[in-house]
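# Fold and contact review
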Amino acid sequence: ALARPPDSPTRPPRTPSRHTHAAKATVKIIMAQDGCQPMERFMRPEYSNHGAGSAQKSWAFCPSSRDGASAGGGTAPPSAMHASAGHGYSVSGYVNGYNPTLPAYPPTRAQLEAARARGGGAPTGPAPPGQRFRQATAVWDGPAPRGDPSKPQPGTPYYINTPKEEVFDASKEAKDAHIVGGGRLPYCGCDGSVAAKGLAAGATHVRCGNSRDSSLKSAGEAIAAYGREKVFVSAKLSPDEHARVGEAVAAILAATGVGYLDLFSIEWPVQHKQGTTEVDGEGSLEATWEALEKCVSEGTVKALGLANFSVPAVERLMKVAKVKPAVNEVELHPLLAQRKLVGVCRRYGLLVVAHTSLANGDDKLLKHPKLVQACADAANPQTPQALLTRWSLQRGVPIIIEDEQTLDECMKATTFRLTNAQKVLIDAIEPPPKDGGVRFFHPAFDFTFDDPFLGGVYRPGLDLVPN
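Quantities reported herein were computed from a predicted structural model and do not represent experimental measurements.

This part takes up the packing of helix α14 (residues 384-394) against helix α16 (residues 420-427). Remark: α14 packs on α16, axes separated minimally by 11 Å, with the N-to-C direction vectors making an angle of 95°. By the angle class used here, α14 and α16 are roughly perpendicular. Taking contact as the criterion, the partners of L387, W391 and Q394 in α14 are, on α16, Q422, K423, I426 and D427. The residue makeup of the contact of α14 with α16, split by class, is three nonpolar, two polar and two charged.

So, on to the pairing of strand β6 (residues 263-266). Burial of the side chains of β6 extends over both faces: L263 and S265 are buried on one face and F264 and I266 on the other. Here strand β5 (residues 232-237) pairs with β6 via four bridges, running parallel. Bridge assignment links A235 to a residue of β6, and that residue is F264. At this point the chain moves from β5, through helix α8 (residues 245-256), to the parallel β6, and the crossover so formed is right-handed. Relative to strand β7 (residues 304-307), β6 runs parallel, the two sharing three bridges. Note that in β7 the partner of S265 across the bridge is G305. In this fold, β6 hands off to helix α9 (residues 285-298), which returns the chain to β7; that crossover is right-handed.

Let's shift gears to the side chain of T419. Position of T419 relative to the elements: it lies in the loop between α15 (407-411) and α16. A distance of 2.8 Å separates polar atoms of two side chains, one belonging to T419 and the other to D377. Setting aside anything within four residues of it in sequence, one finds T419 in contact with E165, D377, A379 and N380.

What follows covers unusual backbone geometry. Of note in this structure, N308 is not a glycine but carries a positive phi near 60°. Turning to its location among the elements, N308 is positioned in the loop between β7 and α10 (311-318). In this structure, Q338 takes a positive phi of about 50° despite not being glycine. Positionally, Q338 belongs in the loop between β8 (327-331) and α11 (339-347).

So, about the environment of C295. Relative to the helices and strands, C295 is located in helix α9. Judged by its relative accessible area of 4%, C295 falls in the buried class. For C295, the residues in contact, after removing those within four places along its chain, are V245, V249, T300 and V301.

The rules behind these values
Residues numbered from 1 in each chain as written. Predicted model: local features only at pLDDT ≥ 70, side-chain atom pairs only at ≥ 80, totals over all residues. Heavy atoms only, no water. Axes fitted to C-alpha atoms, helices over the stretch in contact; angles between N-to-C directions. Helix = DSSP H or I, 4+ residues; strand = E, 2+ residues; numbered from the N terminus. Parallel < 35°, antiparallel > 145°, perpendicular 65-115°, else oblique. Contact = heavy atoms within 4.5 Å. Nonpolar A, V, L, I, M, F, W, Y, C, P; charged D, E, K, R; others polar. Buried < 20%, exposed > 50% of the residue type's maximum accessible area, 1.4 Å probe, protein only. Pairing = 2+ DSSP bridges. Right-handed = clockwise from strand over helix to strand, strands pointing away. Polar contact = N/O pair within 3.5 Å; in protein donor to acceptor, adjacent residues only side chain to side chain.

See the structure below:
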């Protein structure tokens, strides 16, 4: 505590007068107006040596409460003196909201307005310890702030300096990806109809069709010649085979002679009556998946997958699956990027595989102006097939090469990386979200694809997306 000046007369104890009580009441009103903290703050144990529990004692503890008494000769109680002087000191030990035991902070707007309401302007008299009052203003009277010099100035390109190009390093390129079930799915695969040439080119994933696929035998022969353990073999369950899953698997194994399937997928999220394209209302995907799980337990299939499944269909199956699906094979290319589907599948642990990545050779994609411009990049001139394949691989999406004529060009994608300019151009091919993508693959039966924005996390405000 501050010591009393030597020349100050010692005052005998005085009985509080009516005037003193009135002054205290006035000070309490001021305390409520100037936004002081509640009295309970001084009930903490750390204030035990400073008169905790007493408004008068905590007032006496405030150094500013003694200033007036020392200067005025000590003839009036401190509370009455400062309250009558209009300084706005409160009995809680705070001075215009300031506690001398805490760090000094500028006055709040409420405190400034309360001071002006009491005195017609900013507080007058000695400022509380550590504070200087000034009029609040919304005008910046200094120089205009320049901001972070490392950021681009308004009107300048996003990049001040051209970002470094990624250097291709074959030793760091991923050749395959882990899938549920413990297997490794190669990033480059081929259809069973081009298995022999695909394996020779390095596409070590052979994707066969259903049990009626005419190329099963030739694919099996190519796999046997290359070495069964070096090849990842997958096949599909057609919509009319859901009622006889075990028979379909046995027929594929017999035709190919591979012994087991690394991956067996449901080709479409719809069930037909056997031998027809008529929807079977009695069956369900849940029952089909239970039969597929039995194949895993028997050892004829190592992992289960999906094909052409939308986000709602994936979410529906994930709720009941004991053996989780490992793959979802869907149509993917810059005109149908399906970013939401890819993201949802990855959160569920599914690896997305791309089919029809070259849009079945349609000029709408292969001769798109932005793709043509990307192919002409002087730093990395490539064919459309190579760039489109590389675009999928750099997204972490394995691809299935389906055309023997484009096999060699697609496999060149494993020898380079896209430049920054090529990535920007190819990404810009994607249509606006509200317009949807462009599909080039359609089944031989009536099928309606789900809205790409259904399921997953809801995206509000889609109507406000420009263009």
